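# What the coordinates show
Residue strings, one per chain:
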Amino acid sequence: MILLLFVSLITVFHSVITTTVDQCTDKTIPQPIAVRVSNCTTPPCDLVRTTTAVLEIDFEATKDLAELKAASKAFALGVETVYPLPNDDVCSALMNGECPLDAGEVVTYRLEMPILDSFPKVHALIQFSLVSGSDTIVCFKVAANVVDP
């Protein structure tokens, strides 16, 4: 009984600490259920050079999904840049579940994103999408500042 209470409290605590994110331009694409960016609840999030930013994205599969890829873009200084992720295979980084996903299944994707020393110190708007074939399953934007350690 005590163990069940402890696990429940951890689950509630884990789900409460979320990062505020914005909807993508296409309002028909769902946002994730919740997003957690390491050390950030209210953007702009500081992305510290020479470290690894961790994002946890809770989302619901809107249809049956055999595979799922992650993509990101950064918008800074009037320029849009595709940010290549070190591992864009969402299925290999699910924290609770595995592909194929069934429609309605709720899972968490963990993304580890290296913030390289070569990144310029700028304010950016970063867009993350989870994509299956030509369909975008979820999309969100978060403001960030690339900063020195």
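So, how was this worked out
Residues numbered from 1 in each chain as written. Predicted model: local features only at pLDDT ≥ 70, side-chain atom pairs only at ≥ 80, totals over all residues. Heavy atoms only, no water. Core = buried A, V, L, I, M, F, W, Y, C linked by side-chain atoms within 4.5 Å. Buried < 20%, exposed > 50% of the residue type's maximum accessible area, 1.4 Å probe, protein only. Helix = DSSP H or I, 4+ residues; strand = E, 2+ residues; numbered from the N terminus. Contact = heavy atoms within 4.5 Å. Phe/Tyr/Trp six-rings, centres within 6.5 Å; stacked < 30°, edge-to-face > 60°. Lys NZ or Arg CZ within 6 Å of the ring centre and 35° of its normal.

Now for the nonpolar core. In terms of nonpolar packing, the biggest core is built from 39 residues, with Phe59, Leu68, Tyr109 and Leu130 touching the most fellow members. Those elements that place two or more of their residues in this core are β1 (34–37), β2 (45–48), β3 (51–60), β4 (69–76), β6 (106–115), β7 (123–132) and β8 (135–147). With six residues, the single largest contributor to this core is β8. When residues no more than four places from it in sequence are discounted, the contact partners of Phe59 are Pro32, Ile33, Leu68, Val90, Leu94, Leu101, Glu105, Val106, Val107, Tyr109, Leu130 and Val138.

With omega at 5 degrees, the peptide bond leading from Pro43 into Pro44 counts as cis. Looking at where Pro44 falls in the secondary structure, it is placed in the loop between β1 and β2. The omega torsion across Cys99 and Pro100 is 5 degrees, close enough to zero to call that bond cis. Tracing the backbone shows Pro100 in the loop between β5 (79–82) and β6. Positive phi, normally seen in glycine, also occurs at Asn39, with a value near 60 degrees. As for its position among the elements, Asn39 is in the loop between β1 and β2. For Asn39, a relative accessible area of 84% translates into the label exposed. Non-glycine residue Leu77 carries a positive phi angle of around 55 degrees. Here Leu77 is to be found in the loop between β4 and β5.

Applying the stated criterion across every chain, the model contains two aromatic pairs. Both rings, one in Tyr83 and one in Phe119, keep their centres 5.7 Å apart while their planes meet at 80 degrees; by these two values the pair is edge-to-face. Within this pair, whereas Tyr83 is found in the loop between β5 and β6, its partner Phe119 is found in the loop between β6 and β7, the two being separated by 36 residues in sequence. Their ring planes at 25 degrees and their centres at 5.3 Å tell us that Phe128 and Phe140 sit as a pair that is stacked. On the criterion of sequence distance, the pair formed by Phe128 in strand β7 and Phe140 in strand β8 is long-range, its members being 12 residues apart. Each member of the pair, Phe128 together with Phe140, is buried. Between the NZ or CZ atom of Lys141 and the centre of the ring of Phe75, over which it lies, the distance is 5.6 Å.

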